[in-house]
Amino acid sequence: MTLNKRFAFFLLLLCQIISAQNDSINKLKEVVVSDANLKKYSNSQSVLKLNDSVINKNEALLTDLLNFNSTIYFKEYGRGMLSTVAFRGTTASQTAVIWNGININSQMNGSTDFNTISGSDYNSISVKAGGGSVLYGSGAVGGTVHLNNDLGFYKRFENNLKLDYGSFNTIGINYKTNISNEKWSAQIGFSKNSSTNDYKYLNQYNWKGEQRWNQNGQYDVITMSANVGYKFNAKNSLKLYSQTSNTDRNTSLLSESETKTRYVNGFNRNLLEYDGDFGKFTTNLKAAYIFENYQYYPNNAINFFTYGKTESMITKADLGYQLSKSTQVNAILDYNRTKGYGSGFGDHIREISSAALLVKQDLSADWKNEFGIRKEFTDNYESPVLFSLGSSYQFSKLYNLKLNLSRNFRIPTFNDLYWEEGGNPDLKPESSYQAEIGNVFTFKNISLTQTFYYMKIKDLLQWVPGNNGIWSPKNTDNVNSYGAETLLSWKKHFGKNYFAANATYAYTISKDEETEKQLFFVPFHKATASVSYSRNNISAYYQFMYNGFVYTTGDNNPKDIVNDYNVSNIGIDYDFKFLDSFKLGFQVLNLFNKAYESLEYRPMPGRNFNMYLTLKF
């Protein structure tokens, strides 16, 4: 084993940094969270929260942040290109992305492209493992990723500006301002991430012996956001969240002879939310408008494109009642109307209503139980009855036991139902049963979470070729998925020296029930680790990620695989203490210059560099 592998695995076995917990203790200030149910009804499941200190140590796009800090596996079509996930052995459409409590997975294909999202646009990002369809609806099967803009109601005027410049002419700009007092709170943000992305492919040459490089890989992601809240009094508040984004990128070529293509997509999200507290009775009312669209240019030289658009109107009423000191009940009613139109699936409207009942019972400070049930109603498919049942018991300061059982689902998308040609309007939703046991050990500055789970997925949706050669979606396979996840964290300070470490590990088996073969693009092993050190004005860190090999075909042919790989990053910065903070930093990405790819024939860059300037005033 090479020296760098030994070093990386040594760090992995020893510790894990959770920089999110390495903040100095401040006086408690009032912050209104954007997704209250995430904390309220997740006591029996594992939730990993990544705060600003973690987000700022990673590249801007969300793929890099989650790839190096969670158990989620990412499949990238090259740096900055389409990026999809596999969480607990599920498909890309079975991980739901939640924006301030609203499910924002694409209505067209059911998934989210994580390379169109900048992590620095949010105050915190959380990863919840396991089923969550009772709370968040379709797609919350393997887990959920939560993007949160939390509003603080205390006197402040803060500005944060981060400027990045790196290899391949990569430019990053992120600006956020927070203005608030005891009545008003406002956040305004802007981010831009772009790159010519023309990196060389390590050890690859064409038939002429010329160095191959990433051609037609340019990308540009621009996002603007504005969030504002007003407190009428201590028990009533109104909040508005708004975000718009546009991603313009070419698609990297597989070979020099390919036609150059381009893909442009964007979204606009608006959410109005009211919170009321009337003693035992509470209300949370939401109204949202979400627009998404794409344009695909099959030839960059010609102004011709195919397109798709969806417009969703969402209303949601969450009514809570405190039955007793230990028991709270929430009744949730929501209605979603989505209009989709495009060159691929025509013009269609889908209306979905749902009702859910949630019960939270704190029998004591150590024993917490939660229960939920949900049913959806629509003409497009027959929805199963969903449920979630969980319990958490703190046996001692050392040990906490968590149990959870749930049924979850994913509905057919517009592409599945209406694509021309091949759409299938008779599809059934995918459904799954999931059970998990979580063990949380805490000793002084060390925290260890070990979770074991089993999941059975029925009626998996897959696009398969028909007799006439036209691909069409069908409810084909049943899948059994099981495995273990480990989260480890440690922090310590000696005088002015602060140390922190974290590690994650996932062992995943996800097999087709009939063939007993592992699903393709699901690794058996994934591990991450990081360590950080800070003293006075200087801080430094090291990151490591290991992905096991994956099969690329359903028959598990050992010749058709993407090899395992490990990647390391290091970074250092110095705070000149000008204004509130004036940090100058430098990062080396892919430190050991590894040649690797997460998708066949889509090489990722070798060693590259990034420097950044962060101002707070």
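Residues numbered from 1 in each chain as written. Predicted model: local features only at pLDDT ≥ 70, side-chain atom pairs only at ≥ 80, totals over all residues. Heavy atoms only, no water.

(A) Main features of the overall build of the protein chain. From N to C terminus, the protein chain includes six helices and 35 strands. For the protein chain, whose C-alpha radius of gyration is 24 Å, the value lies close to the compact-globule estimate of 25 Å for 617 residues. Dimensions of the protein chain, computed from C-alpha atoms along their principal axes, come out at roughly 75 × 65 × 45 Å. Of all 617 residues assigned to the protein chain, the portion counted as buried reaches 55%. Contacts in the protein chain between residues at least 24 apart in sequence constitute 62% of all its contacts with a sequence separation of at least 6. Surface accessibility of the protein chain: about 27,400 Å² in total, with carbon and sulfur atoms responsible for 58%. If you average the places of the 63 positive and of the 55 negative side-chain charges in the protein chain, the two averages end up 8 Å apart. (Helix = DSSP H or I, 4+ residues; strand = E, 2+ residues; numbered from the N terminus. Rg over C-alpha atoms; globule rule 2.2 N^0.38 Å. Buried < 20%, exposed > 50% of the residue type's maximum accessible area, 1.4 Å probe, protein only. Contact = heavy atoms within 4.5 Å. Areas by Shrake-Rupley, 256 points an atom, 1.4 Å probe, with all protein chains shown as cover. Lys, Arg positive; Asp, Glu negative; His and termini not counted. Charge placed at Lys NZ, Arg CZ, Asp CG, Glu CD.)

(B) Region of interest: the environment of Ile-349. As for its placement among the helices and strands, Ile-349 is situated in strand 21 (residues 346-362). Placed 129 residues apart in sequence, Ile-349 and Asn-478 show a C-alpha to C-alpha distance of 30 Å. With residues near it in sequence (within four places) discarded, Ile-349 still touches Arg-337, Thr-338 and Lys-339.

(C) Representation of the confidence of the model for the protein chain within the structure. With 95% of its residues at a pLDDT of at least 70, the protein chain reaches an overall mean of 91. Taken as a whole, residues 1-26 scores under 50 in pLDDT and shows 58 contacts with residues more than four places along the chain or in a different chain. (pLDDT = per-residue confidence, 0-100.)

(D) Examining empty space enclosed by the protein more closely. This structure, assessed with the given rule, holds twelve cavities of 30 Å³ or more. The space that makes up the largest cavity amounts to roughly 620 Å³. Every residue lining the largest cavity is counted, 46 residues in all, and those nearest its centre are Glu-59, Ala-60, Asp-64, Arg-79 and Leu-589. When residues of the lining of the largest cavity are assigned to their parent elements, the largest contribution, five residues, is made by strand 11 (residues 170-180). (1 Å grid on protein atoms, 1.4 Å probe; cavity = no way out; pocket = protein on both sides within 12 Å on 5 of 7 lines; lining within 4 Å. Points joined across faces, edges and corners; volume = space filled by probe spheres on them.)

(E) Just the pairing of strand 25 (residues 430-443), in detail. Looking at chain direction, strand 24 (residues 399-410) and strand 25 are connected through twelve bridges and run antiparallel. Across the sheet, Leu-405 pairs through a bridge with Ala-435, a residue of strand 25. Sheet analysis places strand 25 next to strand 26 (residues 446-465), joined by 13 bridges and oriented antiparallel. Paired with Thr-442 across the two strands is Ser-447, which belongs to strand 26. In this structure, the hairpin formed by strand 25 and strand 26 is closed by a connection of two residues, where Lys-444 is found at a positive phi of approximately 50°. (Pairing = 2+ DSSP bridges.)

(F) Expanded view of the nonpolar core. Grouped together as the largest cluster of nonpolar side chains are 31 residues, with contacts concentrated most on Leu-62, Leu-66, Phe-114, Ile-125 and Leu-147. Secondary-structure elements contributing two or more residues to this core are strand 2 (47-50), helix 3 (52-55), helix 4 (62-67), strand 5 (95-99), strand 7 (124-129), strand 8 (143-148) and strand 18 (281-297). Those residues within four positions of Leu-62 in sequence are excluded, and the remaining contacts are Phe-114, Ile-117, Gly-119, Ile-125 and Leu-147. Counting 16 residues, the second largest nonpolar core, distinct from the first, contains Leu-38, Ile-98, Ala-356 and Leu-386. (Core = buried A, V, L, I, M, F, W, Y, C linked by side-chain atoms within 4.5 Å.)

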